[in-house]
Amino acid sequence: HDENHFTRKERIIELCEGIKARKILDVGCGDGFISEELVGKGDVYGVDISEKRLKVAREKGIKAIRADLETGIPFRASSFDLVIASEVLEHIFDTDFLIEEIRRVLKPNGYLILSVPNVCCFTSRANVLIGRLPCYIEYDTSEEVAGHIRGYNKSAILNQLRRHGFQIEDVRTNMLIIPVLRWKINWKFK
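Residues numbered from 1 in each chain as written. Predicted model: local features only at pLDDT ≥ 70, side-chain atom pairs only at ≥ 80, totals over all residues. Heavy atoms only, no water.

### A look at the overall build of the protein chain
Part 1: Helix and strand content of the protein chain: 5 helices and 7 strands.
Part 2: Going from N to C terminus, the protein chain has its helices and strands arranged as α-β-β-α-β-β-α-β-α-α-β-β.
Part 3: In the protein chain, buried positions account for 46% of the 190 residues.
Part 4: Of the roughly 10200 Å² of accessible surface on the protein chain, a fraction of 50% belongs to carbon and sulfur atoms. (Helix = DSSP H or I, 4+ residues; strand = E, 2+ residues; numbered from the N terminus. Buried < 20%, exposed > 50% of the residue type's maximum accessible area, 1.4 Å probe, protein only. Areas by Shrake-Rupley, 256 points an atom, 1.4 Å probe, with all protein chains shown as cover.)

Shown next, in the form of structure tokens:
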């Protein structure tokens, strides 16, 4: 992993330290690169499409299962105190569906830590100047990793999350956007 990945991992772990979470889900966990740091601080689950990467995650103590995020997250509603979705949304066709699935599996007042690449950052702009698409990777069938199919900037991701009822508590930017969100349920009594 390059320095940018370590910066993302360090930021996410730092944000997790302020959250009391007994049950944690890493959506798109891959090999457990981020969530391995949380093993022992709570029950850590992971979902990903790549069985090869999930095997590595399991060796790190993550309760990892194979799932296609385009069809849902295979857990009951209100199961997790904390969901991490790092560099996942840009790979998903129906991002509104996945955000709703994340909201569904979060407990009331649960937290979501989410990161997406910022297509408006300096590096992305520089890539455009030299003829490359910003923040996009090649499709790799051997690893079951799809390339980026959409781009985000700060306002796009924050607006989408607000539309789904998330309350933005913190936003960290550099080359990444990592909002910390709390899902609040408004109970209505008649």
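### Observations regarding the pairing of strand S5 (residues 106–117)
Both faces of the sheet carry side chains from a regular strand, because those side chains alternate between them.
Part 1: Across the 12 residues of S5, 9 count as buried, placing the element largely inside the fold.
Part 2: Bridge count for strand S4 (residues 80–86) against S5 is 6 bridges, and the pairing is parallel. What sits directly across from Val83, in S5, is Leu112.
Part 3: Crossover S4 to S5 through helix H3 (residues 95–105) is right-handed. (Pairing = 2+ DSSP bridges. Right-handed = clockwise from strand over helix to strand, strands pointing away.)

### Describing the pairing of strand S1 (residues 23–27)
Part 1: Of all the 5 residues making up S1, 4 are buried; the element is thus mostly covered by neighbouring parts of the structure.
Part 2: Direction of pairing for S1 relative to strand S2 (residues 43–48): parallel, over a ladder of 5 bridges. Paired with Val27 across the strands is Val47, a residue of S2.
Part 3: Pairing of S1 with S4, which is carried by 4 bridges, proceeds in the parallel orientation. From the neighbouring strand, Asp26 faces S4, where its bridge partner is Ile84.

### Observations concerning the confidence of the model for the protein chain
Should pLDDT be low for a region, the predicted coordinates there are not to be read in detail.
Part 1: Per-residue confidence for the protein chain gives a mean pLDDT of 83, with 74% of residues at or over 70.
Part 2: When the criterion is pLDDT under 50, residues 138–142 qualifies, and its contacts beyond four places in sequence or with other chains add up to 6 contacts. (pLDDT = per-residue confidence, 0-100. Contact = heavy atoms within 4.5 Å.)

### Describing the packing of aromatic side chains
Part 1: Under the counting rule described, the total for this entry stands at 3 aromatic pairs.
Part 2: Ring centres of Tyr45 and Phe80 lie 5.6 Å apart, and the angle between their planes is 75°; on these two criteria the pair is classed as edge-to-face. In this pair, Tyr45 sits in strand S2 while Phe80 sits in strand S4, placing the two residues 35 residues apart along the sequence.
Part 3: Judged by relative accessible area, Tyr45 falls into the buried class, the value being 17%.
Part 4: By relative accessible area, Phe80 is classed as buried at 0%.
Part 5: Arranged with centres 5.0 Å apart and planes meeting at 90°, the rings of Phe75 and Phe80 form a pair that is edge-to-face.
Part 6: Phe75 gets classed as buried once you look at its relative accessible area, which sits at 17%.
Part 7: The lysine or arginine in question, Lys9, covers the ring of Phe33, its NZ or CZ lying 4.6 Å from the ring centre.
Part 8: Directly above the ring of Phe80 sits Lys23, whose terminal nitrogen or CZ lies 5.2 Å from the centroid. (Phe/Tyr/Trp six-rings, centres within 6.5 Å; stacked < 30°, edge-to-face > 60°. Lys NZ or Arg CZ within 6 Å of the ring centre and 35° of its normal.)

### What about the side chain of Thr95?
Part 1: Structurally, Thr95 is set in helix H3.
Part 2: Judged by its relative accessible area of 6%, Thr95 falls in the buried class.
Part 3: Discounting chain neighbours no more than four positions away, the residues touching Thr95 are Leu89, Arg150, Tyr152 and Gln160.

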